[in-house]
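# Remarks on the overall topology
Chain by chain, the residues:
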Amino acid sequence: MVSEKLWNKVDRMNRKANKADNESATKSVPDHDVPGVYFKDARDMAELGDNSVGLIFTSPPYHIGMEFEAGYTYAEHLENIKAVLQKCAKALVPGGIFAINVANITNFKGEKGTEKPTRIQPMLHVYNSILKKYGFHLQDEIIWLKGFNSFTKDINVNYSDETAHAEYRIVNRHEPIYIFKKKGERPVPEDENIILQSRLSRSEWQSYAPSVWQINSVRGDKGHPCVFPDELARRIIRMYSYVGETVLDPFLGSGTTIKVARDLGREGIGYERDLRYKATIMEKLGLTHAAAADDANEGYLAKTRNVAEAVKLIPQVHTGSPALEEQTESDSEPEVSLIMSEGIEKEINERAETALEPA
Ligand SMILES: C[S@@+](CC[C@H](N)C(=O)[O-])C[C@H]1O[C@@H](n2cnc3c(N)ncnc32)[C@H](O)[C@@H]1O
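Reading the values: the criteria
Think of each chain on its own: its residues are numbered from 1, step by step along the sequence as written. Local features in this predicted model are restricted to residues whose pLDDT is 70 or higher, and side-chain atom pairs enter the listing and the counts only when it is 80 or higher, whereas totals over whole chains, interfaces and linings include all residues. Going along the chain from the N terminus, every DSSP run of H or I of four or more residues is numbered as a helix, and every run of E of two or more is numbered as a strand. Our exposure labels follow a C-beta count within 10 Å of each residue's own C-beta, placed from the backbone: buried means 20 or more other C-beta atoms, exposed means 12 or fewer, and partly exposed covers the counts in between. As a rule, any residue with its backbone-derived C-beta atom within 6 Å of a molecule or strand is reported as near that molecule or strand. Under the convention adopted here, Pro, Cys and the residues Ala, Val, Leu, Ile, Met, Phe, Trp and Tyr are nonpolar, Asp, Glu, Lys and Arg are charged, and Gly plus all remaining residues are polar. Strand pairing is assigned whenever DSSP detects at least two bridges linking the two strands. Handedness of a crossover: with both strands directed away from the viewer, a clockwise path from the first strand across the helix to the second marks it as right-handed. The term nonpolar core refers to a group of buried residues, namely Ala, Val, Leu, Ile, Met, Phe, Trp, Tyr and Cys, whose C-beta atoms join them within 7 Å. Note that contacts rest on C-beta atoms placed from the backbone: two residues are in contact if these are within 7 Å. Only C-alpha atoms enter the line fits that serve as axes; for helices the fit covers just the stretch in contact. Angles between N-to-C directions range over 0 to 180 degrees. Roughly parallel means an angle under 35 degrees; roughly antiparallel, over 145; roughly perpendicular, 65 to 115; everything else is oblique. Crossing handedness: left-handed means the near helix sits turned counterclockwise from the far one by under a right angle, and right-handed means the same turn made clockwise. Working rule for helices: expected span equals 1.5 Å times residues minus one. Summarising the geometry, the arc corresponds to the directions from the helix axis toward the C-beta atoms. pLDDT runs from 0 to 100 and stands for how confident the predictor is about each residue.

## Here's the deal with the overall build of the chain
Per the secondary structure count, the chain includes 13 helices and 10 strands. Within the span of the chain, comprising 359 residues, buried residues form 31% of the whole.

Structure (structure tokens):
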């Protein structure tokens with residue numbers, strides 16, 4: 001966990017960035033449509049039919065003072081999450097997966113935002129109790145371990161000669177992904193080819209089944225402050241959706257989920273209410289040029305609606321093709337390894353010990 005001093009600094013930087021962004025937002029928002037992306041509040045998802053979405057993968061606001069959270073109280077934050085989850089629950093197919101990447105609030109200052117010292121506010125019970133009402137149960141939990149480089153940096157920031165013994169704090173380097181399953185029987189495509197194309201290979205399963213995934217985080221300077229890595233979305237989409245199905249992200253941010261979903265021959269649909277991210281989303285989807293965007297999207301949507309065509313888009317998904325298996329996050333730090341092993345655990349411990357030795 002970062003120190004309170006550091007958090008205050010981050011708060012100040014966010015407020016400054018927010019102000020500058022607000023001033024420039026109206027000037028820089030592209031004015032044409034982005035098919036499959038709704039620039040509106042996901043509390044209203046009237047565009048989606050009930051039971052029409054094969055998978056939902058998202059990372060909601062955490063309530064940690066990010067620029068897109070400015071002005072929201074904790075109660076308003078919860079109200080937003082509850083309302084969006086309710087709409088998501090209706091849109092998902094029976095037996096479908098709702099995968100949520102959300103961390104505890106590590107610097108929680110109480111419901112009014114004034115308490116000191118800050119504490120951890122656990123969040124799983126919040127999501128669990130909302131989704132339980134809509135017939136979901138928590139099926140699995142994945143721990144996303146966010147890499148070593150920034151881990152070492154955090155440790156150096158958090159230790160000095162003045163650090164009091166027995167007052168050490170844990171440096172937060174992981175986030176959970178909760179796998180919720182909706183009750184009911186999941187529809188399976190009639191086309192056997194789709195089923196074969198969608199299945200994980202044994203080696204993919206062996207990489208993904210262990211509950212700790214080490215995937216380096218993405219730097220926060222890519223047009224959105226909290227982008228998750230493509231690889232995270234890729235694994236979830238490969239595991240829990242069929243080729244040709246609709247994958248929804250109600251808190252779209254920079255567009256990662258739908259970009260990866262489309263790369264994998266799924267139909268990616270998203271909602272984002274903050275227009276500051278429209279240009280970033282378009283760029284991520286390869287739609288920066290307005291005219292080209294319209295043409296490209298028409299072609300994309302026509303293709304992915306036709307499931308047979310969608311299969312052709314990803315001929316090597318099931319074959320363990322190096323092109324897919326070795327895919328790394330181009331704008332993140334290089335991936336160190338796929339799964340938590342004893343070696344990694346040992347390395348974490350060794351690094352922590354080295355960093356905690358007095359200089
Ligand atoms: C944590 S970010 C998602 C980042 C994303 N996973 C990525 O890789 O870029 C959450 C996003 O949800 C958006 N958001 C929050 N509440 C929303 C709502 N009710 N409807 C639509 N978007 C919302 C915020 O503006 C923010 O961009």
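## A few points about the site of the ligand
Lining the immediate surroundings of the ligand are 22 residues, of which A42, F251, G253, S254 and T256 lie closest. Residue composition of the shell around the ligand, grouped by class: 11 nonpolar, 6 polar and 5 charged.

## Some thoughts on the pairing of strand β9 (residues 246-249)
Taking every second residue as pointing to the same face, both faces of β9 are buried, with T246 and L248 on one and V247 and D249 on the other. The pairing of strand β2 (residues 53-58) with β9 spans 2 bridges and is parallel. Looking across to β9, one finds that L55 is bridged to V247. Strand direction decides the pairing type here: β9 and strand β10 (residues 267-271), joined by 4 bridges, are parallel. Along β10, the bridge assignment pairs T246 with E267. After leaving β9, the chain enters helix α8 (residues 256-263) and then returns to the sheet as β10, a path that is right-handed.

## Thoughts on the nonpolar core
Counting 57 residues, the largest nonpolar core has I56, F98, A99 and I237 as the members making the most contacts within it. Sequence-distant contacts of I237, defined by excluding residues within four places in its chain, comprise L55, F57, V247, V260, A261, L264 and R266.

## Comments concerning the sheet that holds strand β1 (residues 37-38)
An order of β1-β10-β9-β2-β3-β7-β6-β8 is seen for the 8 strands of this open sheet, with the pairing classed as mixed. Of all strands in the sheet, those with a lone pairing partner are β1 and β8 (212-214), marking the two edges. Sheet analysis places strand β3 (residues 92-101) next to strand β7 (residues 174-182), joined by 5 bridges and oriented antiparallel. Across the sheet, the residue bridging to F98 is F180, located in β7. Contacts from helix α2 (residues 74-91) reach β2, β3, β6 (136-145), β7 and β9 within the one sheet, and its direction differs from that of β3 by about 145°. Of the strands in this sheet, β2, β3, β6, β8 and β9 are in contact with helix α7 (residues 230-240), which crosses β2 at around 155°.

## Section: the packing of α2 against helix α3 (residues 124-133)
Contact pair α2 / α3: the axes reach a minimum separation of 10 Å and the direction vectors enclose 40°. In terms of orientation, α2 and α3 fall into the oblique class. Here α2 and α3 pass one another in a crossing that is right-handed. Judged by residue contacts, L78, K82, L85 and A89 of α2 engage V126, I130 and L131 from α3. Each residue belonging to the contact of α2 with α3 can be placed in one class, and the counts come to 6 nonpolar, no polar and 1 charged.

## Things to note about the environment of P187
Mapping P187 onto the fold places it in the loop between β7 and α5 (192-198). Separated by 93 residues in sequence, P187 and P94 have C-alpha atoms that sit 7.5 Å apart.

## Notes on α2
For α2, which comprises 18 residues, the first-to-last C-alpha distance of 26 Å matches the rise-based estimate of 26 Å (1.5 Å per residue) to within 8%. Within the sequence span of α2, burial applies to N80, I81, V84, L85, C88, A89 and A91. The buried residues of α2 occupy one face: seen down the axis, they fall within an arc of 160°. Facing away from the buried side of α2 by more than 90 degrees, the exposed set consists of A75 and E76. Those residues of α2 that are buried lie in contact with β2, β3, α3, β6, β7 and β9.

## Let's talk about the confidence of the model for the chain
Looking at the chain, the pLDDT average stands at 80 and 72% of residues meet or exceed 70. Predicted confidence for residues 20-27 stays below pLDDT 50, and this span has 4 contacts to residues more than four positions away or in other chains. Scored below 50 in pLDDT, residues 299-359 makes 91 contacts in the model with residues more than four places away or belonging to other chains.

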